[in-house]
Amino acid sequence: MKPLFLFLFLYGTTLFAQQEASVVLNTSTFTYRDGYLISNPFDAKYDRDGWLWILGESRESNPNLFGDKRIIIQRFDGANFFTLNIPNTSDEKIKDGLFFKHEKGLYLKLFYKASSAKIYHIDTQTLKFSPVDAYNTLKKEFIISKEYETGDTTRLLITSKNKLYSAEIDDLQLKFIDSLSFNGPVEQPLLSEVSSTDQFSIVKLSFNKELLLLDSQGKIKKKLSKSDFITKDGAHFYPSDIQNFLEVNNQYYYYLEDYENVFKYQNGQFIEVPKTGEYHQLNRDLVFNTDFTKAYTKKNVGDYSEFKLYNFTSFKPKLHTTLEYKNFSTTAYKKLGKDLVILNDEKLSVYIFNNTKVKTFLKGKSVRAIQQLHESTYMVSSDEDGFYLIDVEADTAQKINFSLHEKDFSINHARDIVIEYDNMLIGNLNSLFTLNSSFDISQDKMLDIAAEEMIKIKDTIFTTGQGDFIYKYSINENKHTKIPNSNTFQVKEFATDGETLYATSSQGLFEYRNGRVQIHSFENEDAKNLLSIHYSDNYGVLVSSKQGELYGFNTTTKKLDFIYDDYFNAAIVGMVEDDNNNLWLNTHVGIVSFNPATKKILRYGLKDGLYELEGNQYSTYKDSHGNIFMGSSNGLSFFNLRKLSKKRIDVQPRFSSISFFNSEKNRWEINTSPQFLNNTKEIVLPSEYRRFSVNTSVFESLNPQDVNYRFRLLNEGIESEWYATFPGKELLYANLAPGKYTLQLEALDSSNTKLGETLELTVISEQVFYKTWWFISLIVFTIIGVLIYLFNQYKIKQDLFAKNELALNEAMVKNNMMLEIHHRIKNNLQIVSGFLELQMAGSDDKFLKSVLENSQGRIESIAGIHELLYHTDNENNVAVKENVERIITYYKKLFLFSIEYEVDIDSSIMGIDQLTPFSILFNELISNSNKHAFERIDHPKITIRFHKNKNVYAFEYFDNGDFKTENNNANTMGMRIITMMNKQLKGRLSIKKDNHFHLTMFFPING
């Protein structure tokens, strides 16, 4: 190509400035729906383990109370919130508070409306709050304190009306280091912010504008005077204020009020440095990180608050990022320039800053064909906006104006550009155009043939359009012909190996060579799903699908060989190969780099600098330098492969909470302390509460949306499938079968690459006691013992009858002994109930389980009477209320849904002869209600009334469930039992057949 070509495009063009997107912001916003419960944040600070601590007013407090809301602390792991109550402050009302750091934790300082501030030490490992009594119990003469850090040491400056005290705080201890007397009593001995370095600190006494110098040990070295400050002219002065300081090349520099240049601290003096005032106004406002490489400013601009982040090098700030947020109250960060948290009323927003090497051109335009013209200039076509000339070095895009007979001429909907010496061939749905280097259209070479899609093979251009023929255009002869019957299918895209023409089409894969046409269909892919096609010297003919599959077309077998399947099933609309044999795929969810040999996959998306994820067909291109272009409906992404690298994210997932039932404390506990989480490798679930849950996070400067998780639960080495979950979502397991399990959890990046090591937790689910070997053995021995005992008793009775069959007293003995045997058999009804429970547990027959369950309830009701008899002084009578409540308790455990019981029973005592049939009758009633009455009832309720009225017992039972005739008529087993027991009690029974079940019964006292 001639060099002149570079400059001719300037004619009649419009210039569009472009900017490289050097920073990409990933943002996540959290509200009360995500667990963020603070409405007015006071302060926020990260601890050394990566937890964000937030102090503020709870949004769940009374909204009508202003300034008198409950104060809470929340801990945030990047995806989940956990709430802590602040220490008990009795009736003292908190008006504000803040955190400041300690070497091993945090300090919490609370300001009260009616008293002095108090400090609490927070052990961030155990989450224990301890009052710093050495500070909190100071005499009232100590008025104001200011905390600051020197290295890992935390210090306090404390003032009274007469003195300034320098102190050091360590855990719960407060050590006074030095003091300085004022010239006279001061009512408001206020302090300004402390400018602290590792070598010295400067504090301003606001009430008299004195500046004090403290050494690295916290001792008050001296009052600064006029002789300590020297201008560039050698004059001495005393500043009214120190506005800011910074460190450059291990030297400390200070900005003083009314002076533009900085003052260098040297040999105990502050000396003005000439020609350092270029950025003085900005530098005075900056807040620096610890190594003075990053800085930021916060200020209000109209209705918004503005946060600006700067890179800082040798006095020169360079704007990195600007954020606007409506009225944010406080900010926090782990590493300035990598992350930022903005707390705004009831919202918490996390910003992650990512540098990117991807440039975006033609934002908002639908990009199609790309072709390199010279070293850094490229011709690009768009759907609706024509053609552009892009310079990737100058970051410019210029609109190209075509001309025909010296008049402007527009060409849209071009899919390809072919460069032929000094000419260009482009086309659209209706025409093929040949242009010279000045973008003038040659009239004699303008053909009325469809040319949306084009490809060059030797000296022939093949063209086609939607539903049109495929045309062969000879450049040398300036002639074109049709390929017969090629209009019977729609071509999607062309590719060639230099000899054969290939195309994806609506009927299959098109192959044309030496005048012969073949259409190939495939068993493993539907023709209508074929999309993009590309030829590679290494991989041959590559074909993609709408569902994200990539195939190699075997030119010998004429079959598609599977190569790659996109994780998100995203359509692959374009392919190119780089110099390292990696395939770069333009998909509908970003750009994918795939190496077929190593199977290594990297995915690039918005966080990597892409302006738009959904790629366009026909717009994937690699130039002569190895640069790659990929177009979309909203712009063109350009990146240099040598500069674009996907760094491995070095993170380790960690548990942020483990919750399970604590048997010792008899309650469900949510454990979030780092000490517990770091030391706990195994948890034990009691048999009656076999469930647990966990939350996880990576605790790094990552957007939670960029991290996926997968998990599985292994049962004693048995393999299990991986299941996907998402950050912030609690992982809950319930009703675990007895056994030993291993929970495995892994973090994955957007390319499905594992981050860090696999997280594991051993879970032991305990066996129910009646299924253990010792309990079963005990049951077997008990049965044998009972049988032996009964046999011996029977033998004894037979011997007694044989000795004196006619004696009345022997008959009475026999009767008593038979009663004793009967009584002891009833004592073993509980054992029989246990056998029924075991049989139910081992059976899958629902009908059998139901029958066994009914029988078990009836046995339990009788056994309960004897259990009550054994615990009362009267061996023949039982309190009716106590027996009824025991049966209710049994059914509460049996049916695990909430039923309200209204019990109104007097203090009646009933003999066992009446109590046994009554208990069986009551058992049938409550069993029927629990099983059949409340399927469609939101608030189920059972009412029980029992009173003694003269010589009659009055019993009333009703529920608010749906009355079902088939479940309550006299033909059911339950109703037959109720009728039998009523007869045994000699009672009068009535049942109201309305919408609910209502039974009334009267029976005589003592039968």
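See the structure shown above.
Residues numbered from 1 in each chain as written. Predicted model: local features only at pLDDT ≥ 70, side-chain atom pairs only at ≥ 80, totals over all residues. Heavy atoms only, no water.

## Observations concerning the overall build of the protein
Cut-off, in case you're wondering: The helix and strand labels rest on DSSP assignments: H or I over at least four residues marks a helix, E over at least two residues marks a strand, and numbering proceeds from the N terminus. Each residue is assigned to one of three classes by its accessible area relative to the maximum for its type, calculated with a 1.4 Å probe on protein chains only: buried under 20%, partly exposed between the two thresholds, exposed over 50%. Only heavy atoms matter for contacts: two residues are in contact if any of them lie within 4.5 Å across the pair. For every accessible area listed, the method is Shrake-Rupley and the probe measures 1.4 Å; residues are considered covered only by the protein chains on display.
If you tally the helices and strands in the protein, you get twelve helices and 75 strands. When burial is assessed residue by residue, the protein has 50% of its 1007 residues classed as buried. The contacts of the protein with a sequence gap of at least 6 include a subset with a gap of at least 24, amounting to 51%. For the protein, the computed accessible surface area is about 50,400 Å², with 47% contributed by carbon and sulfur atoms.

## Some thoughts on the pattern of salt bridges
Just so we agree on the cut-off: Counted as salt bridges are all cases of a side-chain nitrogen of Lys or Arg within 4 Å of a carboxyl oxygen of Asp or Glu.
For the structure shown, the criterion picks out 24 salt bridges. Linking E187 and K161 is a salt bridge whose minimum nitrogen-to-oxygen distance equals 3.6 Å. Here the residue E187 occupies a position in the loop between β14 (173-181) and β15 (195-196), and K161 occupies one in the loop between β12 (153-159) and β13 (163-170), the gap between them amounting to 26 residues. A salt bridge links E499 to K458; the nearest nitrogen and oxygen atoms lie 3.3 Å apart. Linking E499 in the loop between β45 (491-496) and β46 (501-505) with K458 in the loop between β41 (453-457) and β42 (460-464), this pair joins segments that are 41 residues apart in sequence. Each of K665, R667 and E669 takes part in salt bridges that share partners, so that together they form one network.

## Details of the nonpolar core
As a reminder of what qualifies: For this analysis, a nonpolar core means a set of buried residues of the types Ala, Val, Leu, Ile, Met, Phe, Trp, Tyr and Cys, connected via side-chain atoms within 4.5 Å.
Judged by nonpolar contacts, the single largest core of 36 residues is most densely connected at F918, F922, I926, I944, F946, F955 and Y957. Only α9 (880-894), β70 (900-905), α10 (912-932), β72 (941-949), β73 (952-959), α12 (973-985) and β75 (997-1004) provide two or more residues apiece to this core. The element contributing the most residues to this core is α10, with seven residues. Not counting residues up to four positions away in its chain, the partners in contact with F918 are V880, V884, M910, F946, F955, L985 and F1003. Judged by nonpolar contacts, the second largest core, of 27 residues, contains F200, Y252, V262 and Y310.

## Some remarks on the packing of aromatic side chains
The criterion, for reference: Whether two aromatic rings pair depends on their centres lying within 6.5 Å, for rings of Phe, Tyr and Trp, where Trp uses its six-membered ring; planes under 30 degrees apart make the pair stacked, over 60 edge-to-face, and the rest tilted. A ring is considered to have a charge above it if a Lys NZ or an Arg CZ atom is located within 6 Å of its centre and within 35 degrees of its normal.
Throughout the structure, instances matching the rule amount to 64 aromatic pairs. Taking 4.2 Å as the distance between ring centres and 40° as the angle between the ring planes, the aromatic pair formed by F200 and Y265 counts as tilted. One end of the pair, F200, is in strand β16 (residues 200-205); the other, Y265, is in strand β22 (residues 263-266), and 65 residues separate them in sequence. The buried category is assigned to F200, whose relative accessible area is 5%. Residues F229 and Y238 carry aromatic rings whose centres are separated by 6.1 Å and whose planes lie at 85° to one another, so their mutual orientation is edge-to-face. A relative accessible area of 32% means that Y238 is categorised as partly exposed. Its guanidinium or amino end placed over the ring of Y32, R59 lies 4.2 Å from that ring's centre, counting from NZ or CZ. The ring of Y112 carries the charged tip of K118 above its face, separated from the ring centre by 5.9 Å.

## Some thoughts on the sheet that holds strand β50 (residues 540-545)
Rule in force here: Two strands pair under a simple rule: DSSP has to find at least two bridges between them. Only C-alpha atoms enter the line fits that serve as axes; for helices the fit covers just the stretch in contact. Angles between N-to-C directions range over 0 to 180 degrees.
Strand order in the open sheet made by the four strands is β49-β50-β51-β52, with antiparallel pairing throughout. Either end of the sheet is taken by a strand with one partner, and the two such strands are β49 (530-536) and β52 (559-565). Strand after strand, the sheet turns through a mean of 30° between neighbouring axes, direction not considered. As judged from the six bridges shared by strand β51 (residues 549-554) and β52, these two strands associate in the antiparallel manner. The residue of β52 that forms the bridge with G552 is D561.

## Let's talk about empty space enclosed by the protein
Rule in force here: Cavities and pockets are found on a 1 Å grid laid over the protein atoms alone: a cavity is a set of points where a 1.4 Å probe fits but cannot escape, a pocket is an open set with protein on both sides within 12 Å along at least five of seven lines, and a lining residue has an atom within 4 Å of such a point. Grid points are joined across faces, edges and corners, and a volume is the space filled by probe spheres set on the points.
Taken as a whole and assessed by the stated rule, the structure comprises five cavities of 30 Å³ or more. There is about 90 Å³ of room inside the second largest cavity. Taken together, 17 residues make up the lining of the second largest cavity; nearest its centre are E612, M630, G631, S632 and S637. For the lining of the second largest cavity, the secondary-structure elements that each account for two or more residues are β55 (590-594), β58 (628-632) and β59 (635-639).

## Re α9
The condition is simple: One less than the residue count of a helix, multiplied by 1.5 Å, gives the span that helix is expected to have. The directions from the helix axis to the C-beta atoms form the arc being described.
The end-to-end C-alpha distance of α9, which contains 15 residues, comes to 22 Å, matching closely the 21 Å that a straight helix rising 1.5 Å per residue would cover. Listed as buried for α9 are V880, N883, V884, I887, I888, Y890 and Y891. Seen from one end, α9 has its buried residues packed into an arc of 155°, which puts them on one side.

## Regarding the environment of F229
With respect to the helices and strands, the residue F229 is situated in strand β19 (residues 229-230). On the accessibility criterion, F229 (0% relative accessible area) is buried. Spatially, the C-alpha atom of F229 lies 6.1 Å from that of Q269, the residues being 40 residues apart in sequence. With near-sequence residues (within four places) excluded, F229 lies in contact with L211, L224, A235, H236, F237, Y238, P239, L256 and F270.

## Here we look at α12
Helix length check: α12 (13 residues) gives 18 Å between terminal C-alpha atoms against 18 Å at 1.5 Å per residue, within 8%. Among the residues making up α12, those that are buried are M975, I977, I978, M981, N982 and L985. Summarising the axial view, the buried residues of α12 lie within an arc of 155°, below the 170-degree limit, and thus occupy one face. Set apart from the buried face of α12 by more than 90 degrees, the exposed residues are M980 and K983. Two residues or fewer after α12 comes K986, characterised by a positive phi angle close to 60°.

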